[in-house]
Amino acid sequence: MEEIEEAHAGDVVAMFGVDCRSMDTFSDGNMNIAMSSMFVPLPVMSLAVKPAETKMQNNFAKALTKFTKEDPTLRVKVDSETKETVLSGMGELHLEVYIERMKREYNVECISGQPNVNYKETIAARAEFDWLHKKQSGGSGQYAKVTGYIEPMTEEEIKELGKPNEFKNKCIGTNIPPEYYPSCEKGMNDAMHEGSLVGCEVEGIRVVLQDGASHAVDSSDMAFRICMANAIRETMKSAQPSVLEPVMTVEVEIPSEFQGAVTASLSKRMGMIQSSDMNDDGSGLKLEAHVPLANMFGYSTELRSLTQGKGEFTMEYFNHTPVPRNVQDELMEKYKMERLEKEAAA
């Protein structure tokens, strides 16, 4: 390596002490130009990562900042629902290299695993509720009663409304004082944030409040909020509840001789083949399938193995559909165990 005063087109040079990212443009300041960036594909594989010990958190953050600056194909985000740090890249090997670099260069041991899939909950039938919340522990207590029903909404109604759930107030009279109506709606929102089956977000439910009761001393905003949330959670159990999982549209491009093996692989992952298009000369094939996201982890490695490294795929969100009954039972059991562990730790 030698110091130079100038560089020409095609030269490979190194600069020190410059805060920059890959594909940044440098000039002498007299020219306001930017070179066009190279094409950066979207990541196809993600892993949830976290430092093994809390004291490693600072070095963990520094490492991720540096790596994303030098490699535009590496993405980092914090999942808004699961609160996990999710590392995304071009494949499992790509991500494993950076996990190993964190260990070697920053002395950060990482715990990695697949991100939690964002399941949702919904109902399939109407169910009525008549719920009383009463608590007395000396002094003013809590008292609230709500009656009404919950019912499923269609996709068209959700799109027209512009939000996943709806609250309707059909109360007549003042059995519930009007100032407590907003608290009832807040209670509904609390129940929608954490469902009763697996603790996931709830969507596609209309809550109709018809009547109730209050107490001159013990009723309060908090009492009606708790009452409504508990009423909905319990009533959902009798409204044919189900867990919904995200389904992805997966497009796979492969040489035609691997069609049988790749089709079988997608079917094994509960994929539903939607189309199969051969190119003009018959050498290549494009498959489109709908596959549950939970079944797509590890697919990039499997596809490379099946196609001798010649296959590639992309995927994007399609919709949420009900999971099979056995999967729902497994998720419910897992959620139950996690709650018991949290209660034991508390």
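Below is a short write-up of the structure. (Residues numbered from 1 in each chain as written. Predicted model: local features only at pLDDT ≥ 70, side-chain atom pairs only at ≥ 80, totals over all residues. Heavy atoms only, no water.)

A short note on the environment of E5
Short version of the rule: Strands are runs of DSSP state E lasting at least 2 residues, helices are runs of H or I lasting at least 4, and numbering of each runs from the N terminus. Three exposure classes are used, based on accessible area relative to the maximum for each residue type with a 1.4 Å probe and protein chains only: buried under 20%, partly exposed in between, and exposed over 50%.
With respect to the element layout, E5 can be found in the segment before β1 (45-51). Residue E5 is classed as exposed on the basis of its relative accessible area of 82%. It is 60 Å that separates the C-alpha atoms of E5 and A264, two residues lying 259 residues apart in sequence.

Regarding the side chain of K120
Applicable threshold: Pairs of N or O atoms are called polar contacts if they sit within 3.5 Å, as long as, within protein, a hydrogen donor faces a hydrogen acceptor (for residues adjacent in sequence, only side-chain-to-side-chain pairs). Contacts were defined at the residue level, with two residues in contact if any of their heavy atoms lie within 4.5 Å.
Mapping K120 onto the fold places it in strand β5 (residues 120-122). Within polar-contact distance, the side chain of K120 engages the side chain of E203 at 3.2 Å. Apart from the residues within four sequence positions on either side, K120 is in contact with C200, E201, E203, S242, V243, L244 and H320.

Quick word on the packing of helix α4 (residues 181-193) against helix α5 (residues 221-236)
Rule in force here: The angle between two axes is taken between their N-to-C directions and runs from 0 to 180 degrees, where each axis is a line fitted to C-alpha atoms and a helix contributes only its stretch in contact. Angles are sorted into four bins: roughly parallel if under 35 degrees, roughly antiparallel if over 145, roughly perpendicular if 65 to 115, and oblique for all others. Should the near helix be turned anticlockwise from the far one by less than a right angle, the crossing is left-handed, and should it be turned clockwise, the crossing is right-handed. In this classification, Asp, Glu, Lys and Arg are treated as charged, Ala, Val, Leu, Ile, Met, Phe, Trp, Tyr, Cys and Pro as nonpolar, and every other residue, Gly included, as polar.
With their axes 7 Å apart at the nearest point, α4 and α5 run at an angle of 40° to one another. When the axes of α4 and α5 are compared, the pair comes out oblique. By crossing handedness, the relation of α4 to α5 is classed as right-handed. Between α4 and α5, the residues in contact are S183, C184, K186, G187, M188, D190, A191 and M192 and D221, F224, R225, M228, A229, I232 and R233, respectively. Partitioned by chemical class, the residues of the contact of α4 with α5 number 8 nonpolar, 2 polar and 5 charged.

Looking at the packing of helix α6 (residues 259-268) against helix α7 (residues 299-307)
Relative to each other, α6 and α7 sit at 155°, their axes nearing to 10 Å. Considering their axes alone, α6 and α7 lie roughly antiparallel with respect to each other. Read as a crossing pair, α6 and α7 show a hand that is right-handed. For the pair α6 and α7, the contacting residues are A261, V262, S265, L266 and K268 in the first and Y299, E302, L303, L306 and T307 in the second. Residue composition of the contact of α6 with α7, by class: 6 nonpolar, 2 polar and 2 charged.

Some points on the packing of aromatic side chains
Quick note on the threshold: Each Phe, Tyr or Trp ring (for Trp, its six-membered ring) is paired with any other whose centre lies within 6.5 Å, and the angle between the two planes then decides the class: stacked below 30 degrees, edge-to-face above 60, tilted in between. Think of it as a cone above the ring: NZ of Lys or CZ of Arg counts as a charge over the ring if it is within 6 Å of the ring centre and within 35 degrees of the ring normal.
As enumerated under the stated definition, the model contains 4 aromatic pairs in all. Taken together, a centroid distance of 5.0 Å and an interplanar angle of 50° make the contact between F67 and Y98 tilted. With a gap of 31 residues between them, F67 in helix α1 (residues 57-70) and Y98 in helix α2 (residues 92-106) connect regions that are remote in the sequence. A residue is classified by how much of its surface remains accessible, and Y98, at 7% relative accessible area, is buried. Feature note: the residues F67, Y98 and Y106 constitute an aromatic cluster, connected by ring pairs. One residue, R126, lies across the ring of Y149, its end atom 3.6 Å from the ring centre.

Considering a nonpolar patch on the surface
Here is the rule: Residues enter patches when they are more than 30% accessible in relative terms and free of salt bridges; like-charged ones are connected within 9 Å and nonpolar ones (Val, Leu, Ile, Met, Phe, Trp, Tyr) within 5 Å. Surface accessibility in these figures is a Shrake-Rupley result with a 1.4 Å probe; residues are shielded only by whichever protein chains are displayed. We count a salt bridge whenever a side-chain nitrogen from Lys or Arg sits within 4 Å of a carboxyl oxygen from Asp or Glu.
Taken together, the side chains of M15, V18 and F26 present a nonpolar region at the surface, about 300 Å² in accessible area. Relative to the helices and strands, F26 resides in the segment before β1. Taking the relative accessible area as the measure of exposure, F26 reaches 47% and is therefore partly exposed.

Describing unusual backbone geometry
A positive phi angle, near 55°, is found at N107, a position not held by glycine. Within the secondary structure layout, N107 lies in the loop between α2 and β4 (110-113). Given the relative accessible area of 61%, N107 is considered exposed. We note that Q308 has phi near 60°; this positive angle belongs to a residue other than glycine. For Q308, the position within the fold is in the loop between α7 and β14 (312-322). Under the relative-accessibility criterion, Q308 is labelled exposed at 59%.

Some points on the nonpolar core
What counts, and what does not: The set of buried Ala, Val, Leu, Ile, Met, Phe, Trp, Tyr and Cys residues whose side-chain atoms join them within 4.5 Å is what this entry labels a nonpolar core.
Residues V146, I150, V207, L209 and M228 are the most contacted members of the largest nonpolar core, which totals 27 residues. When residues of this core are traced back to their parent elements, those giving at least two are β6 (127-135), β7 (142-152), α4, β10 (205-213) and α5. At 7 residues, the largest contribution of residues to this core is made by α5. Excluding its chain neighbours within four sequence positions, the residues that come into contact with M228 are F129, V146, F167, C184, G187, M188, V207 and L209. Formed by 25 residues, the second largest nonpolar core is a distinct cluster that contains V117, Y119, L197 and F313.

Observations concerning the side chain of T249
Mapped onto the secondary structure, T249 falls in strand β11 (residues 242-255). Those residues within four positions of T249 in sequence are excluded, and the remaining contacts are E288, A289, H290, T314, M315, E316 and F318.

So, the pattern of salt bridges
Under the defined criterion, the tally for this structure stands at 18 salt bridges. The partner of R206 in a salt bridge is E166, with the nearest N and O atoms 2.8 Å apart. Of this pair, R206 sits in strand β10 while E166 is found in strand β8 (residues 165-169), placing the two residues 40 residues apart along the sequence. For the pair R206 and E166, a shared accessibility class is recorded, and that class is buried. Measuring nitrogen to oxygen at the nearest pair gives 3.2 Å for the salt bridge that ties K237 to E234. By sharing partners, the salt bridges in this structure join K66, E70, R101, R104 and E105 into a single network.

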